[in-house]
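Architecture at a glance
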Amino acid sequence: MARGAEGALLLFLICFDFGNGLHFEVLHSRNESKLLPKHIHPVRQKRAWITAPVALREGEDLSRKNPIAKIHSDLAEEKNLKITYKYTGKGITEPPFGVFVFNKDTGELNVTTILDREETPFFLLTGYALDERGKNLEKPIELRIKVLDINDNEPVFTQDVFVGSVEELSAANTLVMKITATDADEPNTLNSKISYRIVSQEPASSPVFYLNKDTGEIYTTSITLDREDNNDPPLGICCLVSAISHMW
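Analysis parameters
Residues numbered from 1 in each chain as written. Predicted model: local features only at pLDDT ≥ 70, side-chain atom pairs only at ≥ 80, totals over all residues. Heavy atoms only, no water. Salt bridge = Lys/Arg side-chain N within 4 Å of Asp/Glu carboxyl O. Buried < 20%, exposed > 50% of the residue type's maximum accessible area, 1.4 Å probe, protein only. Phe/Tyr/Trp six-rings, centres within 6.5 Å; stacked < 30°, edge-to-face > 60°. Helix = DSSP H or I, 4+ residues; strand = E, 2+ residues; numbered from the N terminus. Contact = heavy atoms within 4.5 Å. Core = buried A, V, L, I, M, F, W, Y, C linked by side-chain atoms within 4.5 Å.

**A closer look at the pattern of salt bridges**
Summed over the entire model, instances satisfying the criterion amount to eight salt bridges. The salt bridge involving Arg 117 is made with Glu 118; its shortest N-O contact spans 3.2 Å. For Arg 117, a relative accessible area of 11% translates into the label buried. Since its relative accessible area comes to 28%, Glu 118 is described here as partly exposed. A salt bridge links Arg 133 to Asp 131, with the shortest nitrogen-to-oxygen separation between them at 3.9 Å.

What follows is the structure, given as structure tokens:
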């Protein structure tokens, strides 16, 4: 199965306001070894941090990429406080459960299972830094995890049988019908782009239809259609068509 080349995911950090703060160290992104050092240490006197989403590919064993992110509070070093880290959100405290686990002492976040983009395209987690009484020491921070699509779904026709008709002696390039199929992969990408083709048609000796591979529209060729010459099968001329995903 062919796949397109991976694009680089650029991680960025935006900060504003002075003071201590809670921030994520994003430890994994696509091509991260080429773009960034493994650990990102923001300037600690900045307060609010916004991270780019972590990107994880569906259908793969991701355990080798752990930890994928880490939450950290500057107060641990500055005031020598005992801090407990916590995550909530889909995949931890909301279904699907058990997708992620975290270390309450280090703030590291691990992924535990193979992801399915068609089931859950992204996860939104919230991270907390808590004191010994369970109170927030910092303002909670959000982490988005995007599930990257792979071409793992075949196109499906919207009908079992498509029936079209055309008058005999119609001019060449007359529209006969349009067939349609759907693909569950990510919309508006090559993974979900569908191409159509005619597998066979009868009579095979003189094809009377041609198909637009991008739109699924079927047209007559320059051959003149005569119903009396094509009465087997009774409805005229049969055409078998397939739909294929662009990347299969």
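Having seen it, we continue.
**Topic: the packing of aromatic side chains**
In this structure the tally under the stated criterion is four aromatic pairs. Taken together, a centroid distance of 5.4 Å and an interplanar angle of 20° make the contact between Tyr 210 and Tyr 219 stacked. Of the residues examined, Tyr 210 reaches a relative accessible area of 34% and is grouped as partly exposed. Judged by relative accessible area, which is 18%, Tyr 219 ranks as buried.

**Observations concerning the side chain of His 72**
Along the chain, the position of His 72 falls in strand S5 (residues 69-73). Not counting the four nearest positions on each side in its chain, His 72 is found in contact with Gly 21, Leu 22, His 23, Glu 25, Glu 77 and Tyr 85.

**Observations regarding the nonpolar core**
One finds Leu 56, Ile 68, Phe 100, Leu 109, Leu 115 and Ile 145 to be the most contacted residues of the largest nonpolar core, which totals 26 residues. For this core, the secondary structure elements donating two or more residues are strand S2 (22-26), strand S4 (54-57), S5, strand S6 (84-89), strand S8 (108-111), strand S9 (122-130) and strand S10 (141-148). In terms of residue count, S10 provides more of this core than any other element does, four residues in total. With sequence-adjacent residues up to four places away left out, Leu 109 is seen in contact with Asn 66, Pro 67, Ile 68, Ala 69, Tyr 87, Ile 92, Phe 100, Val 101, Phe 102, Leu 125, Leu 143 and Ile 145. Of all hydrophobic cores here, the second largest spans 10 residues; its members include Met 177, Ile 194, Val 208 and Leu 211.

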